[in-house]
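Structure assessment
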Amino acid sequence: MKKGNPWIYTLSVTVIAFILVIPLLNTLWTSLKTTADINSFPPKFLFSPTWEHYRNVLYAAGYDFPNYFRNSILLSVFTSLFVVLIALPSAYSMVRMNFGQRKLLPFSMSLRLFPPIVFAIPYYLMFQYLGLLDTITGLVLINIFLNIPLGLILMVGFLQELPYEIEESAKIDGCSVYQILWRIVLPLMAPGIASVAILTFIFSWNDYLFAVIISLNKSTPVTLGSTMFITSWGIKWGDISAATILSILPPLLFTFFAQRYLVSGLSMGAVKG
């Protein structure tokens, strides 16, 4: 079979990638324009950049972006931590002990297929009764529930790729189930655990729906905080764009530096043929 020209493939991928990042580039350009340049018609492609909108986001009165940023960090980190802590032993019991793999795993996977808005009203009423509205704890609990199915699916796939003979040898040496899980399975599954943590971090950071529903002031994350510049006097597009750029930097940098762990982890559960 004749191979195609690699330059054509490279050019095609480059063009598609450029098209996909056009909205991000437009947001970046808008954040660097003055208000007059943003509102000019026709749009200006050549302009003198300004940091005015970034100063507004970080220091404007009544807009506590550092607090929104801190809330998103707490939300994403704690959600990732608890998803890993819950999904790993659960997946191990399903794969190695055959506990719930036939019914519990498909049920948890089906929950992932539901649109999140289905759970909005029950969560709001439950959290109102428990006093968890406008709290980081409430947001963390919601995102744990939303991301546990993904963590279970990936963890089960990773565990099925691990040779069981290693664990059998550890049992012969007298290791308990918890020792096997901690000393053997955990190190071998490090790339897979990292991929689950990275994906959970990104999905939790990007959550907007439940942030709108249960956040009022104290627990506002950056995804909701970026909309605070939509006022009754108008929409501050420059400030919204600057807040958006600042809010996507942490997951972008986190993914960039951890991408090799993400790729190697996801490839653990790949079907080999």
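Our structure's up above, just so we're on the same page.
On a predicted model such as this, the values are computed, not experimentally measured, just so you know.

Another aspect to go through is the packing of helix H7 (residues 136-161) against helix H10 (residues 190-205). Axis angle and axis distance: for two packed helices, these are the angle between their axes and the distance between the axes, and together they describe the pair. Viewed as axis vectors pointing N to C, H7 and H10 meet at an angle of 155 degrees, and their least axial separation amounts to 10 Å. Regarding the angle of H7 to H10, the classification is roughly antiparallel. Every pair of crossing elements has a handedness; the one defined by H7 and H10 is right-handed. Where H7 abuts H10, its residues Asn143, Asn147, Leu150, Gly151, Leu154, Met155 and Phe158 lie against Gly192, Ile193, Ser195, Val196, Leu199, Thr200, Phe203 and Ser204. Among the residues making up the contact of H7 with H10, the classes are represented as eight nonpolar, seven polar and no charged.

Looking now at the environment of Ser195. For Ser195, the location among the structural elements is in helix H10. Judged by relative accessible area, which is 0%, Ser195 ranks as buried. For the pair formed by Ser195 and Gly151, sequence separation is 44 residues and the distance between their alpha carbons is 9.3 Å.

Okay, the nonpolar core next. Considering soluble globular proteins, one finds that nonpolar side chains tend to be buried as a cluster. Counting 40 residues, the largest nonpolar core has Ile142, Met155, Leu159, Val185, Met189, Val196 and Phe210 as the members making the most contacts within it. Contributions of two or more residues to this core are made by helix H4 (65-96), helix H6 (120-130), H7, helix H9 (177-188), H10 and helix H11 (209-214). Among the elements that make up this core, the one with the highest residue count is H7 (13 residues). Beyond its immediate sequence surroundings of up to four residues, Phe210 is in contact with Pro116, Phe119, Ala120, Tyr123, Leu139, Ile142, Leu146 and Ser215. One finds Phe65, Phe229, Ala242 and Ala243 within the second-largest nonpolar core, a separate group that totals 15 residues.

Each value, and the rule that gives it
- Residues numbered from 1 in each chain as written.
- Predicted model: local features only at pLDDT ≥ 70, side-chain atom pairs only at ≥ 80, totals over all residues.
- Heavy atoms only, no water.
- Axes fitted to C-alpha atoms, helices over the stretch in contact; angles between N-to-C directions.
- Helix = DSSP H or I, 4+ residues; strand = E, 2+ residues; numbered from the N terminus.
- Parallel < 35°, antiparallel > 145°, perpendicular 65-115°, else oblique.
- Left-handed = near helix turned anticlockwise from the far one by under 90°.
- Contact = heavy atoms within 4.5 Å.
- Nonpolar A, V, L, I, M, F, W, Y, C, P; charged D, E, K, R; others polar.
- Buried < 20%, exposed > 50% of the residue type's maximum accessible area, 1.4 Å probe, protein only.
- Core = buried A, V, L, I, M, F, W, Y, C linked by side-chain atoms within 4.5 Å.

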